[in-house]
Every structure is written in C-alpha cells, then in structure tokens.
Amino acid sequence: MLKSIKDYTKRHRKGLLITATIVGGGIFAGQYARNKIQELQDKAASERMAKENLKRRFEQNQNDCTFTVLSLLPTLSEQVFDDMAVEELWAKLQELRKEQKQKLEKAKEEKKQESENEANCNQGKPAEEQEIKEDSVSQAPINSENAETVVSDQQPEETKPESAPELSLPTAEDQQPSSEATLSVGTMENSIGSLANSSLSEGSELVSSQKLEVSSEEKAPEQKSKYALWEEIKIKSFTRSLTSLYCVSLLTLLTHTELNLLGRFTYVSSIASLNRSEPTIRIERSESESKDTFMDIDVEGKFLSFSWWLLHKGWKGLAERVESAVHEVFGSIQLKHATNYEETLRLIKRVRHLIEYDAESKQPHNFAQYIIPQNADDEAEVLVQAGYATSPQEAQKSLKNYKLRRLLDETSDFAESVDFKTVLGACLEELFALFYHNTFTKPFDRENNVSNEDRIQEINSSYLHPVTTEKKVTIANLLPPVSRQSHLIINSNEYLNALSYVKELQAFSAIIYTQYDISQQA
C-alpha cells in the first residue's frame, strides 16, 4: 500500500506540486483579501464615525453659540436702553402736553370769569346812567359838546358785552377728542396721533393762545422745547433700532468666531487623546506643537471674556456712527412729512450705506474695532474688567501667554478678513428684511396688499391698468413702531433665530472649525 502510494507520488510529483501551489496560493490570497476587506470596512466605519462625531460636535458648537449670545444680550440691552431712553422722552413730551393744556384751560377759566363779572356789572349800569343823565340835565345846560360827551361815554359801555362772546370760540385744543390728551409710555402707539397733531399744529395753538391772552414770551420756550423733544425722539428711535441690529449681528459673529476656534482645539485634543489607543488615527505635528493642542480652562476663560469689549465699549462707538448717519438722513426731514413704504426703505438704505462704507475711501467700513480691542492697553483693560487681573501690569503678563495670544491674533485676522465682511452683510440683509416686515407692515397696510395680490381676480380694464394708491404715513407716526422694535431685536429670539438660518454664517463657522493648518503653523 505504502509502496503504491510512493510510486504514484513519484509518477505525479510535478502535478501534485502544481496543485498544492495553486491550493495554497488560493487559501493565502483569500485570507489576504478577507483581511484587506475587513481593514477597508474598519477604515470606512472609522471615517464615518469621525465625520459623524465632527458633525455632531460642530452642530453642538453652533447651538452653544446661540445660547451664549442669548446670555450676553441682557447686558447689551441694559446699556443700550439706558443710554437711549426714548420712553423717557415720550414721558417728558407728555408732561409738556399736560402743562400746556392746563395753562390753556386756566386762561379760558380766567376769561370766562372776567366775562361773567363784566356781565353782572353791566346789569346795574343802565339805572345809574339814567340818574346821572337826569342830574346832568337839571344841573347844567345842554349844549352840543356835552351831548357828544354823553354819547361817547355811553357807547363803550354798551359795546363791551358784545365783544365777550369772541373769547369763547373753540380753539385747536378744544376741537381734539378728549382721549387724545392722555399718553402713557406703555401705550404710546395708541396716543401718538394726539401728540403728533398737537405738536405739528403749533401755529394754530399759538393763535388760539393769543386769543386767550397767553403771552408769546411764555409760549415760545414751550414750543421750542416740544420741537426739540420731537427731534430727539426721531433721531434716537431710529438710532436705537439700527444700533441694536448691528450689535446683534456683530455679537453673533464674534461669538461664532470665538467658540469655533475653541471648538477646533477641543476636537483636535480629543483626536490626540484617541491617538494613544487607536493606532489607525494619526496626527502629523511636531513635538513643539503637541503641547499646544490642549487648551486649559484659564486661557479659555480669558479668551471668552474679550466679548466684554463689544458689550461695554465697542457698541458705543458703533452707536455714534449710526447716530451720525441717521442725523444726516433724517435730520432734515420734517415730522409731518408723509412717506410711503418704498421711500421709507430708501431712506434707511441710505443710512445703511453711510454706516457700512467709509465716506472718503468708499470702501467697506472695518467693524473689527467695535468687537475686539485694537491695542495692548485696551486688551489689558478687558482682563482687568473681567476679573482676570487686578492691575494693567498683571494683565500685560497674562497677554504674553502663547495660547491666548494666538487665539486673539486669529480672531483679529478673521474679523478683518473679506469673508467676515461678506458674512456680516448677509446677516444684516436677513435682519433688516425682518425689521422692515415687523415695523412697517402694519403702518403701511402691507398685509392687505399682499392678500389682495394673492387672491383670484377678474381680468378687466382695472386689472390691466391698475391704479396704485400706496398709503402714506407721517414720520411722526412711524416713530412708535420703530422705537418699539428695538425691544424685540434685543430681548426676543426672533431676530437671533433668523441668523441661525444664514448659510454664509454656517459656512464661515465651518471654515473656522476645520482650519487645522492654522493651529499647526502657529
């Protein structure tokens, strides 16, 4: 048996070697292919998990940005409304309105009392005059000169009662409804007509006050004070709302820049920690850079505290620029000027152009100066005010920290970049579109116009040749919704939620979050 097997092996030795080689090679190739496929599957799963992890971290970081802005807005709101207290101006205007009405009513009461006294006195005068006449006839001879004297003395006494009714004519104040005489800060939009009509008709009030014998010397300071209050309300109403829009946009961009920079360091740190346990993960960096990947809490807190600059210093410079632009555009426009929706938007766009572009260079304005300090002294002031240093000298030492310095430099680079200006423009367009809708839709009846355009209409001559009768509103009647909108801009979530859907802002955040080469080249 063994001999036969041995003979068979000798005869077919070449074939058996070929068969064994083929079988062994097939088994080895199969094993290799299976290992390779498994490796590719593991790599794909690892990449998918890494992408999902990155996406989840990025989305969470954007949510953190939104909540951080919400937590910072009350601080900004308190300062803006304290500095531009339009409601206090409305209250002062109300007080002047009441004082003027009280003076007019007092003057009317005095004239009415004088008229009554004169009427009572004139009832007893005819009998006395008759007795005087009889005595004069019996005691002295009547001649032409005496007769003329008697007639001339009687005529003024007889005509005086007839002139009294002229003082009881209705004045401009009396013709207004009694409900227009009251105004409260909380319901200023309901009583704006009373204040507007009373202030914009100063000439009629002056005439009526002259009839009531109110001296022009006392009237002039009141009219001047009311006019100055109205002008201040006009400028500050637009300034406060526009400043709020720009501040919300800049605060949102600053927060996204800061938190995405920190989120990038956190993500790289998590990957570096996995590098010890996962051999498939590799991070290429030098030995000097490995220690800079991890961000300590102290540096992170100091870096985030630099939002103090915008909340306490930067917004004031921005408000001055906005006020200057508002005064240039709206300063020459009278309160009683009637404007339509399109003209109002053109005026606000002119203000925006003056704010967003420099007058001399015609280049986009650099808003970086409002969101981050521009010199070492200002940076030291931020750390002192935030409580991270007790003196400017100590703050200067903290600023020498390599990690903090790099974060501040990166923030400054992003704030002065072209991408930042592009994203800021997109955010402002979104916020101003919402501002136009919320502020001017009701005064100009834009909702009715939209509903009429959407419904089915019969095609006739009026449809083919429509007559456009756009509603016009005075500037004075636009002030309440404009000033009220600033509260919604800062104290509500509507405007902030609108920014979360701006694609340019999301792309800008993604660029910051994934730009790892900056941290490696620092």
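The chain has the name Peroxin-3 in an unreviewed UniProt entry, where Umbelopsis vinacea is given as its organism.

A. A look at the overall build of the chain. If you tally the helices and strands in the chain, you get 23 helices and two strands. Counting only contacts in the chain whose residues sit at least 6 apart along the sequence, the fraction spanning at least 24 positions is 86%. Split by element, the accessible area of the chain, about 30,600 Å² in all, is 53% carbon and sulfur.

B. Seen up close, the packing of aromatic side chains. This structure, assessed with the given rule, holds 16 aromatic pairs. Their ring planes at 70° and their centres at 5.9 Å tell us that Tyr246 and Phe432 sit as a pair that is edge-to-face. Of the two residues, Tyr246 sits in helix H8 (residues 216–274) while Phe432 sits in helix H17 (residues 418–440), which places them 186 residues apart along the sequence. Residue classification places Tyr246 among the buried positions, given a relative accessible area of 0%. Ring geometry for Phe435 versus Tyr436: centroids 6.2 Å apart, planes at 55°, classification tilted. By the burial criterion, Phe435 is buried, and Tyr436 matches it. Members of the aromatic cluster, connected to one another through ring pairs, are Tyr246, Tyr341, Phe367, Tyr370, Phe432, Phe435, Tyr436, Phe440 and Phe444. Positioned over the ring face of Phe432 is Arg352, at 4.4 Å from the centre of the ring.

C. Local environment of helix H15 (residues 392–399). Restricting attention to buried positions, one finds in H15 the residues Ala395, Ser398 and Leu399. Around the axis of H15, the buried residues are gathered within 100° of arc, so they sit on the same side. Residues of H15 that are exposed and angled more than 90 degrees away from the buried face: Gln393 and Lys397. Those residues of H15 hidden inside the fold are in contact with helix H10 (297–304), helix H14 (376–386) and helix H16 (402–415).

D. View of the confidence of the model for the chain. Averaged over every residue, the pLDDT of the chain is 76; residues scoring 70 or more account for 70%. In the predicted structure, residues 201–217 sits below a pLDDT of 50 and forms 25 contacts with residues beyond four places in sequence or in another chain. Per-residue pLDDT stays below 50 along residues 283–291; that stretch engages in ten contacts with residues further than four places along the chain or on separate chains.

E. Looking closely at the pattern of salt bridges. Following the criterion strictly, the structure yields 13 salt bridges and no others. In this structure, Lys236 engages Glu232 in a salt bridge whose closest nitrogen and oxygen atoms are separated by 3.4 Å. Of the two residues, Lys236 and Glu232 both sit in helix H8, four residues apart, roughly one turn of that helix. Judged by relative accessible area, Glu232 falls into the partly exposed class, the value being 32%. The salt bridge partner of Lys403 is Asp296, with a shortest N-O separation of 3.7 Å. Within this pair, whereas Lys403 is found in helix H16, its partner Asp296 is found in the loop between helix H9 (287–290) and H10, the two being separated by 107 residues in sequence. Residue classification places Lys403 among the buried residues on the basis of a relative accessible area of 15%. For Asp296, a relative accessible area of 31% puts it in the partly exposed group. One continuous salt-bridge network, built from bridges that share partners, spans Arg352, Glu356 and Glu429.

F. Quick look at the side chain of Thr255. With respect to the helices, strands and loops of the structure, Thr255 is situated in helix H8. Contacts of Thr255, omitting those with residues within four sequence positions, involve Cys65, Thr68, Val69 and Leu72.

G. Spotlight on the packing of H10 against H16. Between H10 and H16, the shortest axis-to-axis distance is 9 Å and the interhelical angle comes to 30°. Viewed along their axes, H10 and H16 form a crossing whose handedness is right-handed. Within the contact between the two elements, H10 uses Val299, Lys302 and Phe303 and H16 uses Lys403, Leu404, Leu407, Leu408 and Thr411. A per-class count over the contact of H10 with H16 returns five nonpolar, one polar and two charged.

H. Region of the structure containing the environment of Phe414. On the secondary structure map, Phe414 appears in helix H16. A sequence separation of 160 residues divides Phe414 from Leu254, and the C-alpha atoms of the two residues are 9.5 Å apart.

I. Geometry of the side chain of Lys234. One can find Lys234 in helix H8. Judged by its relative accessible area of 0%, Lys234 falls in the buried class. A distance of 3.0 Å separates polar atoms of two side chains, one belonging to Lys234 and the other to Glu231. In contact with Lys234, not counting residues within four places along its chain, are Phe330, Gly331, Ile333, Leu335, Ile475 and Leu479.

J. Region of interest: a negative patch on the surface. Where like charges cluster on the molecular surface, the negative patch consists of Glu78, Asp82, Asp83, Glu88, Glu320 and Glu323. For the negative patch, the secondary-structure elements that each account for two or more residues are helix H2 (13–83) and helix H11 (308–330). Examining the composition of the negative patch, we find that three residues originate from one element, H2, more than from any other. Here Glu320 lies in helix H11.

K. The arrangement of the environment of Ile355 in detail. Examined against the element boundaries, Ile355 turns out to sit in helix H12 (residues 341–356). Here the alpha-carbon distance between Ile355 and Ser324, two residues 31 residues apart in the chain, equals 8.7 Å. With near-sequence residues (within four places) excluded, Ile355 lies in contact with Tyr246, Arg321, Val322, Ala325, His365 and Phe367.

Here is what the cut-offs are and how they apply
- Residues numbered from 1 in each chain as written.
- Predicted model: local features only at pLDDT ≥ 70, side-chain atom pairs only at ≥ 80, totals over all residues.
- Heavy atoms only, no water.
- Helix = DSSP H or I, 4+ residues; strand = E, 2+ residues; numbered from the N terminus.
- Contact = heavy atoms within 4.5 Å.
- Areas by Shrake-Rupley, 256 points an atom, 1.4 Å probe, with all protein chains shown as cover.
- Phe/Tyr/Trp six-rings, centres within 6.5 Å; stacked < 30°, edge-to-face > 60°.
- Buried < 20%, exposed > 50% of the residue type's maximum accessible area, 1.4 Å probe, protein only.
- Lys NZ or Arg CZ within 6 Å of the ring centre and 35° of its normal.
- Arc of directions from axis to C-beta.
- pLDDT = per-residue confidence, 0-100.
- Salt bridge = Lys/Arg side-chain N within 4 Å of Asp/Glu carboxyl O.
- Axes fitted to C-alpha atoms, helices over the stretch in contact; angles between N-to-C directions.
- Left-handed = near helix turned anticlockwise from the far one by under 90°.
- Nonpolar A, V, L, I, M, F, W, Y, C, P; charged D, E, K, R; others polar.
- Polar contact = N/O pair within 3.5 Å; in protein donor to acceptor, adjacent residues only side chain to side chain.
- Patch = residues over 30% accessible without salt bridge, like charges linked within 9 Å, V, L, I, M, F, W, Y side chains within 5 Å.
- Lys, Arg positive; Asp, Glu negative; His and termini not counted.
- Charge placed at Lys NZ, Arg CZ, Asp CG, Glu CD.

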